[in-house]
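Chains, contacts and geometry: an overview
Chain by chain, the residues run as shown.
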Amino acid sequence: NNWRQSGQWITWDVKIPEDGFYNLAIKYRQQEATGLTVSRKLLIDGKMPFDACDKLGFAYDRSWKNYMLGGDDPYSIYLEKGPHEITLEVVLGDELSHTLQKVDASLMRLNEIYRELLMVIGTSPDPMRDYQLAKKMPKTLKKIDYEYQELDKLASDMKSKGSQDIAASMQPLDNIVQQLMRMSKDDAMIPELWSSFKDNIVALGAWSYEMKEQPLQIDYLVVTQQQVDLPRPDDTVWEE
């Protein structure tokens, strides 16, 4: 958790015994960001060896895993003899970054909708009163329906591409989707739902912030001149 915000980095100093091509493997565990794949950028002596090192993905799993960079066809990185710095920097994956940009844009529009409604119904609306919102605020009601459609599609896409774990962590997004659906279908429900509307906007903002966090545990790095059989990431009970 101390190494989760975009831009934070950790550097390891290594000494290479001789010039040559090397593979890099990492023993890791990512059990904090439920259902997500977190990303790191690899730098050797302050530079990326090649473009594929821009966003290395570490999938969610409660167990320790070995990760050979490049998978079945390991990346070969040329290193000269002597000291080198291996850096992993926290970055957002393209897909998650794109999703959260949409959520943040929607949050700005939802706050605008809240302010527009506030001017008409006030801070403590009477649920029994007819505020004639369809007549007074047709554009605002269209905005509510638009946000419902956008966030509902976004939530569906995330669930279809993610696991059951990520679906379980999306409650704030689901809550506001359900509320926007009720508000868009029947504007008379808005005064009744008003007290929870702002709460759901705030909760969605907190959820978006948490989703930007990219926690990752690393036990050790392996630098080798050729692909090797790595030690099992988890010991047996007897070995422990």
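Going by the structure above, here's the rest.
Please read all numbers here as calculations on a predicted model, not as lab measurements.

A look at the side chain of Ser106
- Relative to the assigned elements, Ser106 resides in helix H1 (residues 94-121).
- Reaching out from Ser106, the side chain makes a polar contact with the side chain of Glu147 at a distance of 2.6 Å.
- Leave out the neighbours within four places in its chain, and Ser106 touches Glu147 and Leu151.

Here's the deal with the nonpolar core
- Within the largest apolar cluster, 59 residues are counted, with the highest numbers of intra-cluster contacts made by Leu42, Leu117 and Phe197.
- Here this core takes 9 residues from H1, the largest share from any one element.

Remarks on the sheet that holds strand S3 (residues 38-44)
- Read from one edge of the open sheet, 4 strands run S1-S7-S3-S4, paired in antiparallel fashion. At either end of the open sheet lies a strand with only one pairing partner, and these are strand S1 (9-16) and strand S4 (56-58). Put simply, the sheet's adjacent strands are angled 30° from each other on average, direction ignored.
- In this sheet, strand S7 (residues 82-91) lies alongside S3 in antiparallel orientation, the contact comprising 6 bridges. What sits directly across from Lys41, in S7, is Glu89.

Focus on the side chain of Gln30
- Structurally, the position occupied by Gln30 is in strand S2 (residues 20-30).
- Within the structure, the side chain of Gln30 is placed 3.0 Å from the backbone oxygen of Leu36, a separation counted as a polar contact.
- If we ignore the near neighbours within four places in the chain, the residues touching Gln30 are Leu36, Val38, Phe58, Ala59, Tyr60, Asp61, Pro215 and Leu216.

What counts, and at which threshold
For every chain, the first residue of its written sequence is number 1, and the numbers climb from 1 along that sequence. For a predicted model such as this one, the threshold for reporting local features is a pLDDT of at least 70, and the threshold for listing and counting side-chain atom pairs is 80 or more; totals across whole chains, interfaces and linings nevertheless cover every residue. For the side-chain quantities, the full set of heavy atoms in the structure was used; hydrogens and water were omitted. The helix count covers DSSP runs of H or I at least four residues long, the strand count covers runs of E at least two residues long, and both are numbered beginning at the N terminus. Think of a polar contact as two N or O atoms within 3.5 Å of one another; within protein, one of them needs to be a possible hydrogen donor and the other a possible acceptor, and neighboring residues in sequence only count if both atoms come from side chains. By the convention used here, residues are in contact when the closest approach between their heavy atoms is within 4.5 Å. Buried Ala, Val, Leu, Ile, Met, Phe, Trp, Tyr and Cys residues form a nonpolar core when they are joined through side-chain atoms within 4.5 Å. Burial classes follow relative accessibility: with a 1.4 Å probe on protein chains only, a residue under 20% of its type's maximum area counts as buried, one over 50% as exposed, and anything between as partly exposed. Pairing between strands is defined by DSSP: at least two bridges between the two strands are required. With axes taken as lines fitted to C-alpha atoms, and helix axes fitted only over the stretch in contact, angles between N-to-C directions fall between 0 and 180 degrees.

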